[in-house]
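Descriptive analysis of the structure
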Amino acid sequence: MADLTPTQATPGLHISKPSPDTPATGSAVCHCGASATATGDAQVQRLVQGWEANHGAAHRGGK
């Protein structure tokens with residue numbers, strides 16, 4: 001399986017939750033240079049919300 005972890009060369013958001021009993025993990029790297037990681041369901045949810053509001057499509061005008 002390919003490594004889906006985002007990098008500066010391949011920015012994006014990656015979330016993993018292998019089973020319902022394990023905490024979610026997430027990482028994000030934006031083409032603007034911002035990056036973040038999170039562990040735990042609540043923290044990963046905030047990471048996704050921040051990504052959606054401030055990075056990713058937000059930089060492209062929602063496209």
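Below or above, wherever it landed, is the structure these notes cover.

Conventions adopted
Residues numbered from 1 in each chain as written. Predicted model: local features only at pLDDT ≥ 70, side-chain atom pairs only at ≥ 80, totals over all residues. Heavy atoms only, no water. Helix = DSSP H or I, 4+ residues; strand = E, 2+ residues; numbered from the N terminus. Buried < 20%, exposed > 50% of the residue type's maximum accessible area, 1.4 Å probe, protein only. Contact = heavy atoms within 4.5 Å. Areas by Shrake-Rupley, 256 points an atom, 1.4 Å probe, with all protein chains shown as cover. Salt bridge = Lys/Arg side-chain N within 4 Å of Asp/Glu carboxyl O. Pairing = 2+ DSSP bridges. Axes fitted to C-alpha atoms, helices over the stretch in contact; angles between N-to-C directions.

A separate point is the overall build of the protein. Each helix and strand counted, the protein has one helix and three strands in total. Its helices and strands in sequence order give the protein the pattern β-β-β-α, from N to C terminus. Taken along the three principal axes of its C-alpha coordinates, the protein extends 35 × 25 × 20 Å. Out of the 63 residues in the protein, the part that is buried amounts to 24%. Taking contacts inside the protein between residues at least 6 apart in sequence as the whole, the part at least 24 apart equals 18%. For the protein, the exposed area adds up to about 4300 Å²; of that, 55% sits on carbon and sulfur atoms.

A side chain with one charge can pair with a side chain of the opposite charge if their charged atoms come near. Under the definition given, this model contains one salt bridge. Between lysine 17 and aspartate 41 there is a salt bridge, and its shortest N-O distance comes to 3.1 Å. Linking lysine 17 in the loop between strand 1 (12-16) and strand 2 (25-29) with aspartate 41 in helix 1 (residues 41-54), this pair joins segments that are 24 residues apart in sequence. On the basis of relative accessible area, aspartate 41 is assigned to the partly exposed category, the value being 43%.

Here the focus is the sheet that holds strand 3 (residues 35-39). With antiparallel pairing, the three strands of this open sheet are ordered in space as 1-2-3. A strand with exactly one partner marks an edge of an open sheet, and here the two such strands are strand 1 and strand 3. For this sheet, the mean inter-axis angle between neighbouring strands, taken without regard to orientation, is 5°. With five bridges connecting them, strand 1 and strand 2 associate as antiparallel partners. The residue of strand 2 that forms the bridge with leucine 13 is alanine 28.

Let us now look at the side chain of serine 27. By secondary structure assignment, the location of serine 27 is in strand 2. The class for serine 27 is buried, based on a relative accessible area of 13%. Among all residues touching serine 27, those that are not within four sequence positions of it are Thr5, Pro6, Gly12, Leu13, His14, Ala36, Thr37 and Leu47.

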